[in-house]
Amino acid sequence: MASVAGEDSKKLKLYSDWGSSCSCRVRIALKLKGLDYEYIAIDLLKGDQKSPEFLKLNPLGYVPVLVDGDIVVTDSFAILLYLEEKYPQHPLLPKDLQKRALNYQAANLVSSNIQPLQNLFVLEYIQEKLGADEEVVWAKTHIRKGFAALEKLLENYAGKYATGNEVFLADLFLAPQIEGGVRRFNFDMNEFPLLSRIYEAYKELPAFEDAMPERQPDAPPEARA
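Residues numbered from 1 in each chain as written. Predicted model: local features only at pLDDT ≥ 70, side-chain atom pairs only at ≥ 80, totals over all residues. Heavy atoms only, no water.

By the naming in an unreviewed UniProt entry, the protein is glutathione transferase, taken from Forsythia ovata. The protein has a UniProt comment under Catalytic activity (unreviewed entry) that states "RX + glutathione = an S-substituted glutathione + a halide anion + H(+)". Quoted verbatim from the Sequence similarities (unreviewed entry) heading of the UniProt record, the comment on the protein is "Belongs to the GST superfamily. Zeta family." (UniProt positions renumbered as here; feature names shortened; annotations may be inferred.)

Visitor: Residues and numbers for the nonpolar core, please.
Guide: Ranked by internal contacts, the top residues of the largest apolar core, which has 60 residues, are Leu83, Phe147, Leu172 and Leu195. Beyond its immediate chain neighbours, meaning those up to four positions away, phenylalanine 147 contacts Ile114, Gln177, Ile178, Phe187, Met189, Phe192 and Leu195. Residues Tyr15, Leu44, Val63 and Val65 belong to the second largest nonpolar core, which totals eight residues. (Core = buried A, V, L, I, M, F, W, Y, C linked by side-chain atoms within 4.5 Å. Buried < 20%, exposed > 50% of the residue type's maximum accessible area, 1.4 Å probe, protein only. Contact = heavy atoms within 4.5 Å.)

Visitor: Could you give an account of the pairing of strand β4 (residues 71-74), naming the residues involved and the relevant values?
Guide: Remark: a regular strand shows side chains that alternate across the two faces of the sheet. Bridge count between strand β3 (residues 65-68) and β4: four bridges; the pairing is antiparallel. Bridging across to β4, aspartate 68 finds its partner in isoleucine 71. (Pairing = 2+ DSSP bridges. Helix = DSSP H or I, 4+ residues; strand = E, 2+ residues; numbered from the N terminus.)

Visitor: Give me the packing of helix α5 (residues 120-130) against helix α6 (residues 132-154): which residues, what numbers.
Guide: Put simply, α5 and α6 touch, their axes get as near as 7 Å, and they point 135° apart. The pairing of α5 with α6 is recorded here as oblique in orientation. Once α5 is placed against α6, the crossing between them reads as right-handed. Of the residues in α6, those touching α5 at Val122, Leu123, Ile126, Gln127 and Leu130 are Ala132, Glu134, Glu135, Trp138 and Ala139. Grouping the amino acids of the contact of α5 with α6 by side-chain chemistry returns seven nonpolar, one polar and two charged. (Axes fitted to C-alpha atoms, helices over the stretch in contact; angles between N-to-C directions. Parallel < 35°, antiparallel > 145°, perpendicular 65-115°, else oblique. Left-handed = near helix turned anticlockwise from the far one by under 90°. Nonpolar A, V, L, I, M, F, W, Y, C, P; charged D, E, K, R; others polar.)

Visitor: Any details on α6? Residues and values, ideally.
Guide: The first and last C-alpha atoms of α6 sit 33 Å apart over 23 residues, in line with the 33 Å expected at 1.5 Å per residue. Structurally, α6 contributes buried residues whose contacts are with α4 (97-113), α5, α7 (169-185) and α8 (193-202). (Expected span 1.5 Å × (residues − 1).)

Visitor: Explain the pattern of salt bridges to me, and be specific about the residues and the numbers.
Guide: The final tally for this structure, using the stated rule, is seven salt bridges. A salt bridge links lysine 160 to glutamate 204, with the nearest nitrogen and oxygen atoms 3.3 Å apart. Placement of the pair is lysine 160 in the loop between α6 and α7 and glutamate 204 in the loop between α8 and α9 (206-211), with a sequence separation of 44 residues. For lysine 160, a relative accessible area of 37% corresponds to the partly exposed category. Looking at glutamate 204, the relative accessible area reads 54%, which means it is exposed. (Salt bridge = Lys/Arg side-chain N within 4 Å of Asp/Glu carboxyl O.)

Next comes the structure, spelled out in structure tokens:
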């Protein structure tokens, strides 16, 4: 989506790493809501997140970070709720309270019980203490546990997508988590037929496909192949 000349200062800015599943959640939301934004690449492997400039935005040194004028929002969950309140087009939350609660549960299950246990910083620590082989075992163990819980949580509510036939918050967390599990750890999704079916449905949605890691400007050539 092209910017109008002279409006760059008003454009949203997203600090993102191409392979970050947390950043991917926000990229999907921005595309679903049709919001123009400037992509600012933060290379986690090179340590860009440790620079003094970035730490002024997020003292934890994590991506994503969203800058909206004078407002700086860190943490993907907080960013998504901020976008939902300020930019109501294409709602990320259903009006039905039960379905809304279900979306919160599924999103939180990914953001609190799966992703943090297989992020870069944790895996580097596991590799240092236990070796490279244990790093993958650790990640797959926690992904499998979380996916098993998600299958049970969603089994009576899923439609084409996680909580019915419309895309909502839970889907923004599921798609990058499944993609990352397969891409980074060669995770076998055959154990989880419901999640596998939903993930295939995401591939039909341009907003999801355009937000995937291999489509980002900082993705390395081997990821684009």
